[in-house]
Amino acid sequence: MSWYLAMPLMTPVLTAVAAYLLRGSGIGRWVAVAGSALGLVFALMLMNQVIAAGVVTGQMSDWPAPFGITLIADLFSGIMVLLTAGVGLAVAVYACGEIDDDLEEMGFFAIFQLLLAGVTGAFLTGDLFNLYVWFEVLLISSFGLLILGGTRQQIDGAVKYVVLNLVSTIIFLCGLGLLYGATGTLNMADLRLAVDNSDQQGLVTVLSMFFLVAFAMKAAVFPLFFWLPASYHTPTSAVSAIFAGLLSKVGVYALFRTFTLIFDNDPAYTQPILYVAAALTMVTGILGALAQTDMRRVMSYQIVSSIGFLILGLAIGTPLALAGAIFYLVHNIIVKVNLFLVAGVATRLCGSSEMSRMGGVYKTAPLVALLFLVPAFTLAGFPPLTGFWAKVLLVQAALEAGNWGMVALVLIVSLLTIWSLMIVWARVFWAAHPEGLEPRTADLAPVRLHLLLPIAALGLASILIGLFPNGLIVLVQAAAAQLLDPQAYVDAVLGGAP
Amino acid sequence: MADHSEHPASFWTAASLLPPLIAAALFAVFTTFLPAVAAGETLRYAWGWIPALGVDFSFVIDGLSLTFSLLISGIGIAVMLFSGRYLAGHPQHGRFSLYLVSFMLAMLGLVLADNLLVLFVFWELTTITSFLLIGFSHGSEVSRRAALQALLVTGAGGLAMLAGFLLIGAETGTFELSALREMGDVLRDSPLYIPILILVLCGAFTKSAQFPFHFWLPNAMAAPTPVSAFLHSATMVKGGVYLLARMHPNLAGTNTWLWTLVIFGAFTTVFASIVALRQNDLKQTLAYTTLMALGALVLFLAAPGGYAVTAAATFLVVHSLYKAALFLTIGCVDHATGTRDARRLGGLARRMPLTALAGGLAALSMAGMVPFIGFIGKELLYKGGLESPASPIIVTGAIFAASALMFAVAGVVALRPFWGSDGKMPLLDRPIREAPLPMLAGPLVLGVLGLYFGLSPHGLQVHVTDPIVGAILGDPDMAKELYLWAGFNLALILSILTFATGVAIYVFQDRIRERIVAAESRLMNFDALWDRLLAAIGTGARVVTDLLQPGIASRYLMAVFTTITLLIGSAILIRGLDIGTVGLSGVDGVHVVVFGLTIAGTLLAVVTNSRIAAITGLGVTGTGVALVFIMFGAPDVAITQILVEMLIVVLFSVAALKLPTLPQRLPFFHRRAHAAVSIALGAIVAGVVIAVTSVPLDLRLTEFFEANSYPEAHGRNIVNVILVDFRAFDTFGEISVVAIAAISAYALLRQRKTKGSQ
């Protein structure tokens, strides 16, 4: 088996164990940060290996595919693992400033690392049942983080979150059992061959809908996104941020993976569904953002809206569209984590995330205002930041596909996104604070570096990628090409001769 | 803007001095290109940037971009000197200078870019910096609203324009403007010409505030005066005009282009000059005269004639010079007197003679008086109008009306405040003094330049108008000469008539103003319409969101299950499902009992009102499933199932004792809907299961496990071997799940305990 694949996955697991054993000793949280840093190194090594080799695979316990469990990284997986490690490290540093000793004592850093492990596992597995297992790890660890230190509001959000996600899990499992019954295999590369060779194409399409619904729900696609805005604004900022960046993106990843690798047999049926879902997700998401009065809820709905852009890329399905969607994914993960972290700082300054109780941050804490403006303008799609190039690629893809309606929709939603962000900017940062609610910069002082350093780093990433986007564009184009022609993927798993 | 003269010494700071120095350095650099451009050269500089998208970081210096660059950096010197003194001591002066310099650089990038996407990058950067500058007085709701309005209006246009640019790229295969110049016919003959034109014009018209997108510009006057002078008159709003000039070789030359620009330009110019006369706030007056100028420039970029383009080029320079000077003059007046109200100002020439001189010079050029460059500009406008291929009467008529009104407005702006009666002047606790030198230097120089270029227009023609015409029309020989005295012709007659009409309007201005005010109240107010639009979107957003996200978990579940049912159901309907032959041949009595038990348990759980009964019903169902496992040869799975069922029933029953009774049952309609979805979904899943089981099972995996369990993995119990060896990795994941659940549960319990003890 390949150590390149195992290390990014095992590092957070071992870090979790160490962090749990050392909790309360004062160094547990720094062990978690060190573990995350190490994880980032391993993710970089994996990425390097994937770029050199194309596809990296490994068989767990050395049982050959399709009998054992396959771990596999192509460019798409490699990119996702790298992003997970990157934002994981940023949030781990932030959490050192935000999480108090009580939460650490309860095991915050351990569960946080296991969440990262679950996300990484989902990106690296080449086995559909194993993907289900990582989804469970994700679900239970995210539930743990949601209820930790639970206020009543938090528990309420967490219950909705877990109930709706369990439904998604059950549908996934149903689909999995049925698909195994129909094909006799769980290995994703092997499934591609089995589906291609199946004489029951209608049944495959029916079964694919189980996965579409299960993953779309994880991804927070309309009309399955209710759990997201119900819960993301309730926990601590570090938790919100990592959820915002990664959780729904795992669902998107699973959709991309399964609907390019396995269920690409019936685009005539799936494509219109994806188009409609993309359009409605974009629109309802941004309308939800405009209707909110709580800064963190605005941002939660913006996640939903951005998922629509990603699904649009899958719906169009051309190399350019998938490349644009993957670029958008990279952009969105960085920027969403960043926005939630800044929102956490603003909430800390103002003592509330309800915008009517916030204000005056631009005047009292100009650095925080600047650190908000960078991801805000990035998400708004202003050039030369990353959101702009993502938009250019997606609009280009929609234009090439002759899909004028979607072009118009993307542009209108982009405009509404600008508006929703600038409402936050105007109210929280520009407007004077409400009587007696002056931003308390003194509260920020002791943990200033922990909180602001990761925000600055993520902002810098958005700026640098935006200024020099060529490398990433080339990379996502190659990743999209791999997705659309999975022969190398299948050969790497099954050795070319199944 | 508040007065900060209590900190006179703080002019000597980096925030005050660096910006004008940067602008001056840039201006000096640009002047070195003048000889080459006058000689007809075009210089291009390019670096590879994003080869994957075919985007070079490329810039071009020709007549058009050099003139704009000189205007931007030159007026930048004046404005930044002014603002260094005007804002000295302001607590956010540093930020202001940063934004202003950033804006200037973005604007220079915009006009110098040779690649459409590079141009767009800078275009949006001017939008962002302009947003921050308009909202500079961020404590005021008016400023914030104006900033957001400008951002959204120009942002919307920008997005449309981006789509237009991407279409151009798709049609021609390039984003390089210098390559596109040669491909005008490709675009004009493309079936996408009209969409491209509309999208690009959306960008240009919003940026240059053409009617009906004009309303954001007067509101943008909420910015500090130097910002208004720089962005909203001399430079940024000309970005749209620049774009029209730059795209002229690619998109102009059709009737669509001609008439669109004529209609929008003519209407904007006349409309704006009428409304300008009506304003009392001198800054607002100047804002509307800016609209007038922008309309005129659009109007003259419509036609490809030599006079029209020469007129546009000349008027561009004329307007930038006098408008920046007037704005800064008004800024000086405001600074000294604390008001900009035309009705109250008067007699300032005695106390502020140099300010009066600067304002007077600029106003004379604005009024088009001999021998100022404004006169030459106006003559050219008339000549261009008379040769317009659209309709000489419309174009010339529009320019006549606008020029006459401008003449009167020039009087309002410069005559009354300085030489009018000072009877209504506000009483101040300090004497009204001449503006300080850094604030005066700019407007004085700009005003004098208007006179100098009028007396000696040849230099301007060689270095500016000829190269611009060359850049736009591709042939500098089409440029017309700039003369102060062009002989006795129709244009001169029109000029004389203009003066006469202008004087009349000035004399009767109060009566005309009343008429305009009366008419205005009956017309559509775009600014109020904007508010209504935003409010409507906001309301719509709330309605949709409340409908979708009422916060009730059962509704969410219903939506989710309905979606599943519809998606899988429609797949079955459209793609069909081969369920083979379903027979009841293998069914015996035991089966009937077990399945009957399972169904009965489910029904009990559904209909009961008691939690205990419901969990019992589910327990029965689970036991039934366990029996099924036994019947079909999986006793180990059955044992697990029974253990789990027992645990769940016991744990849940204990919990249920502490829970409140079930809430009231849902209304009948909801229950029926729930039942319908449940039954449909159940039937669908059953159908799919039957279809799947009718496919012969591929036993490769089972056979492999059977064959290798003992010899290779050394275990006799295949299930165990699968769990701990073949698929040990899954088990590893599941162990993590249990561990996390344990940690979380422990945390939750401890948390409740500590809370309870508090």
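Since this is a predicted model, take the numbers as computed values, not measurements.

A. Representation of the overall build of chain B within the structure. When you go through chain B residue by residue, the secondary structure sums to 31 helices and two strands. A compact globule built from 758 residues should have a C-alpha radius of gyration of about 27 Å, whereas chain B, at 38 Å, is more than 25% larger. With the C-alpha coordinates aligned to their principal axes, the bounding extent of chain B is approximately 115 × 65 × 50 Å. Long-range contacts, defined as pairs at least 24 residues apart, comprise 78% of the intrachain contacts of chain B with a sequence gap of at least 6. Working note: accessible area of chain B is about 31400 Å², and carbon and sulfur atoms make up 69% of it. Here chain B contributes 45 positive and 42 negative side-chain charges, whose respective centroids are spaced 14 Å apart.

B. Just empty space enclosed by the protein, in detail. Residue and element names in this part refer to chain A. Per the counting criterion, the structure on display carries ten cavities of 30 Å³ or more. Reported here for the largest cavity is a volume of approximately 150 Å³. Of all the secondary-structure elements, those providing two or more residues to the lining of the largest cavity are α13 (295-316), α14 (319-350), α16 (366-380), α17 (386-400) and α18 (404-430). The biggest single contributor to the lining of the largest cavity is α13, with four residues. Looking at the lining of the largest cavity residue by residue, the class counts come to four nonpolar, ten polar and one charged.

C. A look at the pattern of salt bridges. Per the counting criterion, the structure on display carries 23 salt bridges over all chains. One salt bridge connects R727 of chain B with D127 of chain A, and the closest N-O pair in it is separated by 2.5 Å. Remark: D127 of chain A occurs in the loop between α5 (108-124) and α6 (128-147) and R727 of chain B occurs in the loop between α30 (718-726) and α31 (728-757); the pair is interchain, linking two chains. A relative accessible area of 8% places R727 of chain B in the buried class.

D. Molecular detail of the interface of chain B and chain A. Of the residues lining the interface, 99 residues belong to chain B; the matching set on chain A comes to 114 residues. Sorting the residues of chain B by area buried against chain A places L159, R575 and F729 of chain B first, and these three jointly supply 8% of that buried surface. A salt bridge links R575 of chain B to D266 of chain A; the shortest N-O distance between them is 2.5 Å. In terms of residue count, α31 of chain B provides more of the side of chain B that touches chain A than any other element does, 18 residues in total. Here the side of chain B that touches chain A is composed, by residue class, of 66 nonpolar, 18 polar and 15 charged.

E. Quick peek at the domain arrangement of chain B. Residue and element names in this part refer to chain B. The domain architecture assigned to chain B consists of domain 1 (270-523), domain 2 (553-701) and domain 3 (702-758). For domain 2 and domain 3, the distance between their C-alpha centres works out to 25 Å. Listed as interface residues are four residues of domain 2 and, on the opposing side, five residues of domain 3. Both faces considered, domain 2 and domain 3 share a buried interface measuring about 410 Å² in area, 45% of it formed by carbon and sulfur atoms. Taken together, the connections running from domain 2 to domain 3 amount to seven residue pairs in polar contact (both at pLDDT 80 or more). Of the residues contributing to the side of domain 2 that touches domain 3, the split by class is two nonpolar, no polar and two charged.

F. Geometry of the environment of E706 of chain B. Structurally, E706 of chain B can be placed in helix α29 (residues 700-708). Each C-alpha atom of the pair E706 of chain B and I718 of chain B lies 6.8 Å from the other, and the pair is twelve residues apart in sequence.

G. Seen up close, the pairing of strand β2 (residues 55-61) of chain B. Residues and elements named next belong to chain B. Most of β2 is tucked away: five of the seven residues are buried. Pairing analysis gives seven bridges linking strand β1 (residues 43-50) to β2, with the strands arranged antiparallel. Note that in β2 the partner of G48 across the bridge is D56. If you look at the hairpin formed by β1 and β2, you'll find four residues sitting between the two strands, and G54 has a positive phi there, around 70°.

H. Main features of the nonpolar core. Ranked by internal contacts, the top residues of the largest apolar core, which has 451 residues, are F108, M295 and W425 of chain A. With 23 residues, α14 of chain A is the largest single contributor of residues to this core. Once you skip the residues sitting within four places of it in the chain, W425 of chain A turns out to touch Y362, A369, F372, L373 and W430 of chain A together with F131 and L132 of chain B. Counting residues in hydrophobic clusters, the runner-up holds eight residues, among them L701, F704, A713 and V721 of chain B.

Procedures and definitions
- Residues numbered from 1 in each chain as written.
- Chains lettered and ligands numbered in written order.
- Predicted model: local features only at pLDDT ≥ 70, side-chain atom pairs only at ≥ 80, totals over all residues.
- Heavy atoms only, no water.
- Helix = DSSP H or I, 4+ residues; strand = E, 2+ residues; numbered from the N terminus.
- Rg over C-alpha atoms; globule rule 2.2 N^0.38 Å.
- Contact = heavy atoms within 4.5 Å.
- Areas by Shrake-Rupley, 256 points an atom, 1.4 Å probe, with all protein chains shown as cover.
- Lys, Arg positive; Asp, Glu negative; His and termini not counted.
- Charge placed at Lys NZ, Arg CZ, Asp CG, Glu CD.
- 1 Å grid on protein atoms, 1.4 Å probe; cavity = no way out; pocket = protein on both sides within 12 Å on 5 of 7 lines; lining within 4 Å.
- Points joined across faces, edges and corners; volume = space filled by probe spheres on them.
- Nonpolar A, V, L, I, M, F, W, Y, C, P; charged D, E, K, R; others polar.
- Salt bridge = Lys/Arg side-chain N within 4 Å of Asp/Glu carboxyl O.
- Buried < 20%, exposed > 50% of the residue type's maximum accessible area, 1.4 Å probe, protein only.
- Buried area = accessible area lost by both parts, 1.4 Å probe.
- Domains from an automatic or database assignment.
- Polar contact = N/O pair within 3.5 Å; in protein donor to acceptor, adjacent residues only side chain to side chain.
- Pairing = 2+ DSSP bridges.
- Core = buried A, V, L, I, M, F, W, Y, C linked by side-chain atoms within 4.5 Å.

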